[in-house]
Amino acid sequence: MKIEGIEITHPDALVFPGARITKGGLARYYDRIAIYMLPYLKDRPVSLQRFPKGIDHPGFFQKHAQDYFPDFIDRIPVKTKAGSAVEILVNHKKSLLYLVNLSVVTFHTWLSRKGALEYPDKVIFDLDPSNGDFDTLKRGALLVREMLAGKDIDARLMTTGKKGVHLYYPICPERPFDEVRARIRAWAEVLVEKHPDLFTLEIRKKKRGNKIFLDLLRNAYAQTGVCPYSLRPNHNAGVATPLEWSELSRLNSGDQYTYHTIFKRLETKEAQRRDTTPGN
DNA sequence: GGCTAGG
DNA sequence: CCTAGCCAACGCTCC
DNA sequence: GGAGCG
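Residues numbered from 1 in each chain as written. Chains lettered and ligands numbered in written order. Predicted model: local features only at pLDDT ≥ 70, side-chain atom pairs only at ≥ 80, totals over all residues. Heavy atoms only, no water.

### Let's talk about the packing of aromatic side chains
Note the threshold: Only the six-membered ring of Trp is used, alongside the rings of Phe and Tyr, when aromatic pairs are assigned; centres must lie within 6.5 Å, and planes under 30 degrees apart are stacked while those over 60 apart are edge-to-face, with the rest tilted. The rule is short: NZ of Lys or CZ of Arg within 6 Å of the ring centre and within 35 degrees of the ring normal puts a charge over the ring.
Applying the stated criterion across every chain, the model contains 11 aromatic pairs. Members of the aromatic cluster, joined through ring pairs, are Y29, Y30, F107, Y259 and F263. Above the ring of F213, the side-chain terminus of R208 is found at 3.7 Å from the ring centroid.

### Concerning the protein's contact with DNA strand B
Our working definition: The nearness test applies per residue and asks whether one of its heavy atoms lies within 4 Å of the molecule or strand. Polar contact is the term for a pair of N or O atoms within 3.5 Å; when the atoms are in protein, one must be able to donate a hydrogen and the other to accept it, and sequence-neighboring residues count only if both atoms are side-chain atoms. Throughout, the ten residues Ala, Val, Leu, Ile, Met, Phe, Trp, Tyr, Cys and Pro are labelled nonpolar, Asp, Glu, Lys and Arg are labelled charged, and all others, Gly among them, are labelled polar.
In the vicinity of DNA strand B, the contacting residues are T9, H10, K23, R50, P52, F60, Y68, N101, L102 and S103. Within 4 Å of the protein, the contacting atoms of DNA strand B are 63% sugar and phosphate, with bases supplying the remainder. One nitrogen or oxygen atom from the side chain of N101 is found 3.4 Å from a phosphate oxygen belonging to DNA strand B. For the surface near DNA strand B, a count of residues per class yields 4 nonpolar, 4 polar and 2 charged.

### Some points on the nonpolar core
Cut-off, in case you're wondering: Buried Ala, Val, Leu, Ile, Met, Phe, Trp, Tyr and Cys residues form a nonpolar core when they are joined through side-chain atoms within 4.5 Å. Note on classification: 1.4 Å probe, protein chains only; a residue is buried when its accessible area is under 20% of the maximum for its type, exposed when over 50%, partly exposed between these limits. Starting at the N terminus, helices and strands are each numbered in turn, a helix being any DSSP run of H or I of at least four residues and a strand any DSSP run of E of at least two. We call two residues in contact whenever any of their non-hydrogen atoms come within 4.5 Å of each other.
Counting residues in each nonpolar core, the largest one holds 76 residues, and the members touching the most others are L99, F107 and F125. Considering every element that reaches this core, the biggest residue donor is helix α1 (residues 23-41), with 9 residues. The contacts of F125, once residues within four sequence positions are left out, are V144, M147, L148, V165, H166, L167, Y169, I184, L214, D215 and L216.

### A short note on the side chain of D215
Assignment of secondary structure puts D215 in strand β14 (residues 212-215). Overall, the relative accessible area of 10% leaves D215 in the buried class. Among the polar contacts made by the side chain of D215, one reaches the main-chain amide nitrogen of L217 at a distance of 2.9 Å. A polar contact of 3.2 Å, which involves the side chain of D215, links it to the side chain of R218. Once residues lying within four places of it in the same chain are set aside, the contact partners of D215 are I124, F125 and D126.

Structure (structure tokens):
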């Protein structure tokens, strides 16, 4: 099996045994989703979550480009606490498929891009439901949206493919991570004060109760967030899916869209766009 | 999954 | 030859 | 200063 000139080895090996998804299926998924996903990957160092033995076995994270990676994989030197490291960029479909053949299931990206790695160009509010129900999470998402709208910020919504949702929005990459995080942290603290039964900023799991954990910690240098349209290593193969706000009321979970349903949703959305675009 | 170090 | 080991690491907070 | 957390 060959896609984009990349030989997909062991195409019949099961990556998601429960959902009966093979490595060939994984490669076809990313081949098809690439057109939607690549813009979100462009020029961002990635953290790869790999499962060579399938998701029912322990996987591992990888950030550094290995010496044996082919030349067509773009590399980017980054500063680390220890000194420096060479990380990976996924700017082309061919790189995407090469990495998928290494059994990458999930792509996580930095919140900053090549040329301005110290300056985030994106902010993420990660809403984790703790033990609470999804309706509560939806209410929380609307409150965060409203809070940001009050600051003239038009946040977008995404399911994570797991339990929660992300609100995210672009910013000009001109202020360092610490400054950006301090500002949104202050906003979040006000929100927690207004809705102390709904939100928490507590890192310790035991202290969160059933409240929505507002995780802002990923808005930091070298931290990552799940890339839109990435698969997640859970039983039903959830997909991180950007949504319209109008879709929130009908949303039932953070893993509503999966390997099996995402393309149907994208086709429906595309058809709606065609119908409402003048000149057709 | 693919490579390397060590037996 | 075969197999075991490796493949991330920052910022915050509680203790 | 180290462990939990993502």
